[in-house]
Amino acid sequence: MRWLAAKTVVVLAPRWRSLSILLHSPIHRHLFSPSPLSRNRQSQQLHCFKVRKVFNGKAKILKKNRGFKDSLDEKDQYHIIWWKERLELCRKPSTIHLITKLMYTNLLGVDANLKNGTLKEGTLNWEILQLKSKFPREVLLCRVGEFYEAIGIDACILVEYAGLNPFGGLRSDSIPRAGCPVVNLRQTLDDLTLNGFSVCIVEEVQVPTQARTRKDRFISGHAHPGSPYVFGLVGVDHDLEFPEPMPVIGISRSAKGYCIVSLLETMKTYCIEDGLTEEALVTKLRTRHCHHLFLHTSLKHNSSGTFRWSEFGEGGLLWGECRPRNFEWFDGDPVNELLIKVKELYGLDDKVLFRDVTVTSKDRPQPLYLGTATQIGAIPTEGIPCLLKVLLPPNCTRLPVRYINDLILNPPAYIVASKIQEICKLMSNVKCSIPEFTCVSSAKLVKLLELKEANHIEFCKIKNVLDEILQMYTNAELREILELLMDPTWVATGLKIDFENLINDCRWASSRIGEMILTDGECDQKTSSYSGIPREFFEDMDSGWKGRVKRIYMEEEYAEVEKAAEALASAVSEDFIPILSRIQATTAPLGGPKGEILYAREHESVWFKGKRFIPGVWAGTPGEEQIKQLRPALDSKGRKVGEEWFTTVKVDAAIMRYHEAGAKAKRIVLELLRALSAELQDKIHVLVFASMLLVIAKALFAHVSEGRRRKWVFPTLAQFHQSKDIEPLDAANRMEITGLSPYWFDVAQGSAVQNTIEMQSLFILTGPNGGGKSSLLRSICAAAILGICGLMVPAESAFIPHFDSVMLHMKSYDSPADGKSSFQIEMSEVRSVITGATSRSLVLVDEICRGTEVAKGTCIAGSIIEALDQIGCLGIVSTHLHGIFDLPLSTKNVVHKSMSTQYVNGQTKPTWKLVDGICRESLAFETALREGIPEALIQRAEELYSSVHAKHKVVRRKVPVEEEIAQLEIIGKEDINQKTSLRDGMEILFKKVENAVTKICQKKLMEIWKRDPSEPAEVNCTMVSAREQPPPSTIGASSVYVMFGLDKKLYVGETDDLEGRIRSHRSKDSTQKKACFLYFLVPGKSTACQLETLLINQLPNYGFHLTNIADGKHRNFGTTTNASLEESLALGR
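So, how was this worked out
Residues numbered from 1 in each chain as written. Predicted model: local features only at pLDDT ≥ 70, side-chain atom pairs only at ≥ 80, totals over all residues. Heavy atoms only, no water. Helix = DSSP H or I, 4+ residues; strand = E, 2+ residues; numbered from the N terminus. Buried < 20%, exposed > 50% of the residue type's maximum accessible area, 1.4 Å probe, protein only. Areas by Shrake-Rupley, 256 points an atom, 1.4 Å probe, with all protein chains shown as cover. Pairing = 2+ DSSP bridges. Axes fitted to C-alpha atoms, helices over the stretch in contact; angles between N-to-C directions. Contact = heavy atoms within 4.5 Å. Core = buried A, V, L, I, M, F, W, Y, C linked by side-chain atoms within 4.5 Å. Phe/Tyr/Trp six-rings, centres within 6.5 Å; stacked < 30°, edge-to-face > 60°. Lys NZ or Arg CZ within 6 Å of the ring centre and 35° of its normal. Polar contact = N/O pair within 3.5 Å; in protein donor to acceptor, adjacent residues only side chain to side chain.

**Some points on the overall build of the chain**
Here comes step 1: The helix and strand tally for the chain stands at 35 helices and 31 strands.
Here comes step 2: Per-residue burial over the chain gives 51% buried out of 1133 residues.
Here comes step 3: Here the chain displays about 53200 Å² of accessible surface, and carbon together with sulfur accounts for 52% of that area.

Listed below in structure tokens is the structure:
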């Protein structure tokens, strides 16, 4: 049995409080015996002691326990302090009452003087204490019969965070105890891990034991946040969802910048990211849930030369992110020391090796800064349109979404981005059906195979992953995509695997699983069935082991079970059936004899249940001998089940034999499954690589489908010139985007205002309030990030250089907790932008220096513009500080741009279009009035403005509310809608249907087109098998399809959304879940409707059975004239 260990999830920075707290606790002295030298004094002390105990609600004094250590070493004291700080956060009255009964002289917090508190050697409490000492920061749940119990501190945690009630209520004379029934273990573990706790689970050895004999126990596993408890999963018939794994993170600082080391205990891997900026590091912390956080002492040395971290600008943002978290300091070599700490935390052997999966960061753009990530919604932020929601369709969730999000936050190197774009372009043009892309968590694969807990369901999923890789390999269209996916998968996993080795290993592993595991659609094991025995009995008994492993591997066990079932059927037939025949032959009025053979599910037995069937006079009639053999049915503990339940010696013996045979068969099944896990463990790297490859493939296919629907395009991705000389700007050092639209608008619905950006230098952008400056910056930022990731962009065409960083700074808020104003926060972020920008960067700053006095803020803004111009980066600085244009700025490549306005009916209105020049109109009064500021206030503001700026005449008219709303809808509206092989019989049916469809439709189309028969119309049918989906090329195209039911009946339909229609059919009921489809594309909806009607009416003439034949007579089907059809076909050509 492998032991997995981990400290508890939340790690607190040591506060070095005095340990004298423990020694001066009032209840601490209860452990010391009074001196035997003075009986009088002893009597007085005992008297006072009792009074105190009664006052505290404790009824009696227990003798001092021996056999346990009554003092704590330094490490244990530190753990006790850690737990006390957790307990201080408890708020439930019941928990607070339990805490008062704790004594912090042992790791359990158990007061040995209370009832059930004995810690003598050999007791259950003593055994729990020994286990607790191995994992002092984990909640320990111990199996006791049908419950999992916790005592002391752990019981308090259960009551507070798992919603459990204490055992025995709130009795004051007993130690804190709490627990949950066995059936509720999973929910209890979820409650604890969601609140940041790790749990150690102790199981009982399930073997027969004598009465009053203490059972042996063992640590069966651990549950951590991001790593669930999997013990026993190999024997169940359901799957287990795995959350995102949580790493242990260590942060340090070097000459290159900040360094973050992430270690995953489940994967036994670590990754080093060095040379990070403070903002990029904070973004990583904000987007990752870590199990433990360690801060290296090198962080205390900042640029000011002091140890007062965060007080001198640099490091303040990181400190603000870390301070609310629980962390520990460490020193020494960051990687080696962190590995040592992880092994200590999880109880791993020193020989356990962690694999370095670091991918070189050379030529890779900087990860997104915190401000950039929040302002495009990569980090969920209230009021900010989420970029991730428009990149993928709503039905794409979990692992693919996580990959795309990580790709955006950490843009890849140019060569990888180019390959991702090439993959997406190929996917956009694929004509064949594509795999379903089974997504399996890599962490789940590793943990289940390592612990040998993978069940038959998981093996079927693994085989699906491998088979889909092989399907792509054997398909000419998909093979090139498969080969290109190797590099992005290497970046995501840190694994370098040869392409041919991948295919060979996938083929071997798939074959090995297929040889042993009973996969979907296969059936060589039927449930036993015998007359006289309820079918539910055999269904329940067989479900524990049948349908998992192929019968060829356990013929002997099958034979034993079948013989045992036959013996049971024979015993029931001999002992129960004659009694039933006797009862049925008896005719009596109400109150006559009753009896039946029933399945007692709770007791896993088949018994006779009856009443009033015992004859008053024994006359030797049929059935009397069997009645005499009956005896009351007993449960597993020898107790009588009820007055109406009966069995016989022969039936009980047959049931026991059947259970023994079934238990043996199940044991063999589990042994075979665990042996298969051990075999596949040798190919774990290939399995991890293959699973991640399919996740990426599914994510990119989904992105291409959504991008085509939204009418997005692939940009031209250019690599920057490698010369450090920034003058002159070469052809790659520019960005051109035509028809750019805000990413949160759906261009397909025609609601967006588009702009064209031709950028070769730095723009100073001006414009009115509500003129679209912020939206333009956010849109450019999103397009640039999508472009350098190799994804589609919301534009008509685009040329985007592969920036080394994309930085977007928008409005800042103050931070009272850090004692910083909004202007301080803004200057801190601008400092990071200036220090991180290069000539290959894109810098976007919105309304610079808005949080301070205008004159000095204008000058600071001017100097920042000069600095960015000197760096030579591309970018935009938007501002309302028009005094910048009066400053003697020393710039070379600055261009003035503005958001245009137009004068309509005496009112200046924004057009949301980017033009050349400077716009000094702010539309401040109109904006304030529109937002509900009283008219009188606005009039007074106009008077004050005129008195100071007399040369500016204010002209304003009151715009009707309806007109204003109509104008605002343009900028405020947000888009809210957002197996290859076939069975022989079905394959023949598919071919026949394809031939018939082609013949019928070609004939009809030739009549309409009036073509020569030697040049037939093209009807290209494509098959979509079970667990496949149509390619992205069907998005927005009209198609006619035929659905094949399991009963070989057909359904004919037409649609403009084939992928959605197939998904809808398959989700209607279980009989259509694995339905296959045949489809062909046609030019236009009208053509599709007529051909649908034609097929519905003519396919029955070819001998096919249709489920929707009535649709062929509907007046809305095929009513379009031939002329209109011919016209639509001509338009399609």
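**Notes on the sheet that holds strand 4 (residues 199-204)**
Here comes step 1: Taken in spatial order, the five strands line up as 3-2-1-4-5 in an open sheet, and their pairing is mixed. Strands with a single pairing partner mark the edges of an open sheet, and in this sheet they are strand 3 (177-181) and strand 5 (217-223). Taking the axes of each pair of neighbouring strands and ignoring which way they run, one obtains an average angle of 30° across the sheet.
Here comes step 2: Pairing of strand 1 (residues 139-144) with strand 2 (residues 147-151), which is carried by three bridges, proceeds in the antiparallel orientation. For Cys 142, the partnering residue across the bridge sits in strand 2 and is Glu 149.
Here comes step 3: Each of strand 1, strand 2 and strand 3 touches helix 6 (residues 153-161); the most contacted strand, strand 2, lies at about 115° to it.

**Section: the nonpolar core**
Here comes step 1: Ile 251, Ile 376, Ile 408, Phe 459, Leu 700, Phe 803 and Leu 842 are the most contacted members of the largest nonpolar core, which has 183 residues in total.
Here comes step 2: Among the elements that take part in this core, helix 25 (residues 684-709) stands out by supplying 17 residues, more than any other.
Here comes step 3: Setting aside residues no more than four positions away along its own chain, Leu 842 makes contact with Met 735, Met 759, Ile 780, Ala 784, Phe 803, Ser 805, Val 806, Met 807, Leu 874 and Gly 875.
Here comes step 4: Listed in part, the 47 residues of the second largest apolar core include Leu 131, Ile 153, Ile 219 and Ala 223.

**Describing the sheet that holds strand 14 (residues 605-611)**
Here comes step 1: Pairing in this open sheet of four strands is antiparallel, and the strands run 13-14-16-15 from one edge to the other. Edge positions in the sheet fall to strand 13 (594-600) and strand 15 (631-632), since each has one partner strand and no second.
Here comes step 2: As paired strands, strand 15 and strand 16 (residues 645-647) are joined by two bridges and run antiparallel to one another. Directly across from Arg 631, in strand 16, lies its bridge partner Thr 647.
Here comes step 3: Strands in contact with helix 22 (residues 577-585) are strand 13 and strand 14; relative to strand 13, the strand with the most contacts, it is inclined by about 145°.

**Observations concerning unusual backbone geometry**
Negative phi characterises most residues that are not glycine, and trans characterises most peptide bonds.
Here comes step 1: Despite not being glycine, Lys 268 has its phi angle at roughly 55°, a positive value.
Here comes step 2: Its location among the elements puts Lys 268 in the loop between strand 7 (257-264) and strand 8 (269-276).
Here comes step 3: Positive phi is not limited to glycine here, since Glu 604 has a value of about 55°.
Here comes step 4: Considering the arrangement of structural elements, one finds Glu 604 in the loop between strand 13 and strand 14.
Here comes step 5: Using a relative accessible area of 41% as the deciding quantity, one classes Glu 604 as partly exposed.

**Considerations on the packing of aromatic side chains**
Here comes step 1: The tally for this structure, following the rule as stated, stands at 26 aromatic pairs.
Here comes step 2: Note on Phe 147 and Phe 167: the rings are 6.1 Å apart at their centroids and 90° apart in plane angle, and the pair reads as edge-to-face. Here Phe 147, found in strand 2, pairs with Phe 167, found in the loop between helix 6 and strand 3; they are 20 residues apart in sequence, far enough to count as distant.
Here comes step 3: In this structure Phe 167 comes out as partly exposed when scored by relative accessible area, which is 23%.
Here comes step 4: Centre to centre, the rings of Phe 437 and Phe 701 are 5.4 Å apart; their planes meet at 25°, and the pair counts as stacked. With Phe 437 in the loop between strand 12 (434-435) and helix 15 (442-450) and Phe 701 in helix 25, this pair connects stretches of sequence that are 264 residues apart.
Here comes step 5: Taken together, Tyr 530, Phe 537, Phe 538, Tyr 599 and Tyr 658 form an aromatic cluster joined through their ring pairs.
Here comes step 6: One Lys or Arg, Lys 84, reaches over the ring of Tyr 104 and ends 4.8 Å from the middle of that ring.
Here comes step 7: Across from the ring centre of Trp 508, 5.7 Å away, lies the NZ or CZ of Lys 683, which sits over that ring.

**Thoughts on the side chain of Arg 778**
Here comes step 1: Counting through the fold element by element, Arg 778 comes out in helix 26 (residues 773-788).
Here comes step 2: At 2.6 Å, the side chain of Arg 778 forms a polar contact with the backbone oxygen of Gln 375.
Here comes step 3: Setting aside its immediate chain neighbours within four residues, Arg 778 contacts Gln 375, Ile 376, Ile 384, Tyr 743, Trp 744, Leu 808 and Met 810.

**Digging into the environment of Arg 657**
Here comes step 1: Turning to its location among the elements, Arg 657 is positioned in helix 24 (residues 649-681).
Here comes step 2: Residue Arg 657 is classed as partly exposed on the basis of its relative accessible area of 41%.
Here comes step 3: Among all residues touching Arg 657, those that are not within four sequence positions of it are Lys 563, Ala 564 and Ala 567.

**A word on the side chain of Ser 528**
Here comes step 1: With respect to the secondary-structure elements, Ser 528 resides in the loop between helix 19 (499-516) and helix 20 (535-542).
Here comes step 2: By relative accessible area, Ser 528 is classed as buried at 9%.
Here comes step 3: In this structure, Ser 528 is in contact with Arg 535, Phe 538, Asp 542 and Lys 546, ignoring residues within four places of it in sequence.

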